[in-house]
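Listed here are the chains, written in short residue letters.
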Amino acid sequence: MNNKKAFPGGYYILLAEDDKMNQVVVTGLIKMLNLGRVEIVENGKEAVKMFCSHHFDLILMDGQMPEMNGIDAALAIRAIEKDKDLPRTPIIALTAHSTQEGKNLFLNNGMDEFLEKPLSPEALNNAVQNVIWQSSFDATSKETRDLEKTIDVQELKRIMAGKKSLLDKCLQAFEADYPPLVSKMTACIEKKEYDELKENAHRLKGMLKYLAAHNAATLAEELESLGDAGNVTSTDLTVQVQVLDDECLKIIDRIKQVFSGDFS
């Protein structure tokens, strides 16, 4: 077998599988590949419960199980990760359904990889390497999770048509143009020039939307509305501008950190 890289043997794996023979085969393959230790559960409900009380590096999830199937269990796990701001645990679907439609069903519902039964050592090897080592570079890393709190990563890629060169140009323009706008807004507050405050906040909001920075864009929109109202204290507005300025800095730093290389 051609391994991309030897496994360290230290992974903690959850196997959700109700068929005894499949349990024997999969655990045997895990031992053969030196993946690590395994916990076995026999239905989706047990898998979700076990996930809540342990930290697993990988989950192997049978598609058809009693009480809760693999897809429902995977979706429940993803919901827990989102609610608790947890890193994404790779989940590999194990199924006898080999059609492309069946594969898409799993991959579009919380799974990261798909394996057809009966499993082979090479297929399991490749799938595990894909989901575990690739996870260092995808949206499950801490840096990218932090970025996703600041911008909508997928929308940013869509706006930039997946082109890193376009992102670099837009970020460079934003980095140059937003500080003067913040300074102008601060000056407008001091001079009580609320119409101009509204105009500058509107411009900054538009720039932030191009970077898919929805939270920061909302802050700018609030400043735009406050400027339009013109009946708030200068302190209120100054604090809002400072918060927005901090958010803009985060956007620049995090985009540069996460997208220092590939943007596809």
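Residues numbered from 1 in each chain as written. Predicted model: local features only at pLDDT ≥ 70, side-chain atom pairs only at ≥ 80, totals over all residues. Heavy atoms only, no water.

### Side note on the overall build of the protein
Here is step 1 of the chain: Per the secondary structure count, the protein includes 11 helices and 5 strands.
Here is step 2 of the chain: With 264 residues in all, the protein has 42% of them scored as buried.
Here is step 3 of the chain: Summarising the internal contacts of the protein: among those between residues at least 6 apart in sequence, 66% fall at separations of at least 24. (Helix = DSSP H or I, 4+ residues; strand = E, 2+ residues; numbered from the N terminus. Buried < 20%, exposed > 50% of the residue type's maximum accessible area, 1.4 Å probe, protein only. Contact = heavy atoms within 4.5 Å.)

### Points about the pattern of salt bridges
Here is step 1 of the chain: In this structure the tally under the stated criterion is 11 salt bridges.
Here is step 2 of the chain: As a salt-bridge pair, Glu42 and Lys20 come within 2.4 Å of each other at their nearest N and O atoms. One end of the pair, Glu42, is in the loop between strand E2 (36-41) and helix H2 (44-53); the other, Lys20, is in helix H1 (residues 20-32), with 22 residues separating them in the sequence.
Here is step 3 of the chain: Look at Glu42 and you get partly exposed, because its relative accessible area is 30%.
Here is step 4 of the chain: The residue Arg88 makes a salt bridge to Asp112 at a minimum N-O spacing of 2.9 Å. Here Arg88 is found in the loop between helix H3 (70-84) and strand E4 (91-95), whereas its partner Asp112 is found in the loop between helix H4 (100-107) and strand E5 (113-116), with 24 residues between them in sequence.
Here is step 5 of the chain: A cluster of three or more residues bridged by salt bridges with shared partners is formed by Arg78, Glu81, Arg88 and Asp112. (Salt bridge = Lys/Arg side-chain N within 4 Å of Asp/Glu carboxyl O.)

### Details of the pairing of E2
Residues in a regular strand point their side chains to alternate faces of the sheet.
Here is step 1 of the chain: Inspection of the sheet shows strand E1 (residues 11-16) paired to E2 by 6 bridges, in the parallel sense. By the bridge assignment, Leu14 is partnered in E2 with Glu39.
Here is step 2 of the chain: Tracing the backbone out of E1, into H1 and back to the parallel element E2 gives a crossover that is right-handed. (Pairing = 2+ DSSP bridges. Right-handed = clockwise from strand over helix to strand, strands pointing away.)

### Here we look at the sheet that holds E4
Here is step 1 of the chain: The parallel open sheet is built from 5 strands, whose spatial order is E2-E1-E3-E4-E5. The open sheet has two edge strands with one neighbour each: E2 and E5. Geometrically, the sheet is characterised by an average inter-axis angle of 20° between neighbouring strands, direction not taken into account.
Here is step 2 of the chain: In the packing of H4 onto the sheet, contacts are made with E4 and E5, and the angle to E5 comes to roughly 140°. (Axes fitted to C-alpha atoms, helices over the stretch in contact; angles between N-to-C directions.)

### Side note on the nonpolar core
Here is step 1 of the chain: Core analysis: the biggest nonpolar cluster contains 36 residues, and Leu156, Phe174, Met185, Leu204, Leu208 and Leu244 have the highest contact counts within it.
Here is step 2 of the chain: Where this core is concerned, the elements lending two or more residues are helix H7 (153-159), helix H8 (164-191), helix H9 (194-210), helix H10 (214-229) and helix H11 (234-258).
Here is step 3 of the chain: Excluding residues that lie within four positions of it along the chain, Leu244 makes contacts with Met185, Leu204, Leu208, Ala216, Leu219, Ala220 and Leu223. (Core = buried A, V, L, I, M, F, W, Y, C linked by side-chain atoms within 4.5 Å.)

### With respect to the confidence of the model for the protein
In low-pLDDT segments, the atomic positions of the prediction should not be examined closely.
Here is step 1 of the chain: Averaged over all residues, the pLDDT of the protein is 85; the fraction at 70 or higher stands at 86%.
Here is step 2 of the chain: Considering each helix and strand of the protein separately, the mean pLDDT is smallest for helix H6 (residues 142-150), with a value of 63, and largest for strand E3 (residues 58-62), with 95.
Here is step 3 of the chain: This model gives residues 1-6 a pLDDT under 50, and the stretch forms 13 contacts once residues within four places in sequence are excluded.
Here is step 4 of the chain: Under a pLDDT of 50 for its full length, residues 136-140 has, in the predicted model, 9 contacts with residues more than four places off or in other chains. (pLDDT = per-residue confidence, 0-100.)

### Some details on a negative patch on the surface
Here is step 1 of the chain: On the surface, Glu193, Asp195, Glu196 and Glu199 cluster together into a patch of negative charge.
Here is step 2 of the chain: Position of Glu199 among the secondary structure elements: in helix H9. (Patch = residues over 30% accessible without salt bridge, like charges linked within 9 Å, V, L, I, M, F, W, Y side chains within 5 Å. Areas by Shrake-Rupley, 256 points an atom, 1.4 Å probe, with all protein chains shown as cover. Lys, Arg positive; Asp, Glu negative; His and termini not counted. Charge placed at Lys NZ, Arg CZ, Asp CG, Glu CD.)

### Overview of the packing of aromatic side chains
Here is step 1 of the chain: Counted according to the given criterion, the structure contains 3 aromatic pairs.
Here is step 2 of the chain: Ring centres of Phe174 and Tyr178 lie 5.2 Å apart, and the angle between their planes is 20°; on these two criteria the pair is classed as stacked. Remark: Tyr178 and Phe174 occur in helix H8; sequence separation between them is 4 residues, near one turn of the helix.
Here is step 3 of the chain: Accessibility expressed as a relative area gives 3% for Phe174, which makes it buried.
Here is step 4 of the chain: On the basis of relative accessibility, which here comes to 4%, the residue Tyr178 falls in the buried class.
Here is step 5 of the chain: Lying over the aromatic face of Tyr12, Arg37 brings its terminal NZ or CZ to 3.8 Å of the ring centre. (Phe/Tyr/Trp six-rings, centres within 6.5 Å; stacked < 30°, edge-to-face > 60°. Lys NZ or Arg CZ within 6 Å of the ring centre and 35° of its normal.)

### Let's talk about the environment of Lys157
Here is step 1 of the chain: With respect to the helices and strands, Lys157 occurs in helix H7.
Here is step 2 of the chain: Residue classification places Lys157 among the partly exposed positions, given a relative accessible area of 22%.
Here is step 3 of the chain: Along the backbone, Lys157 and Leu211 are 54 residues apart, and their C-alpha atoms lie at a distance of 9.2 Å.

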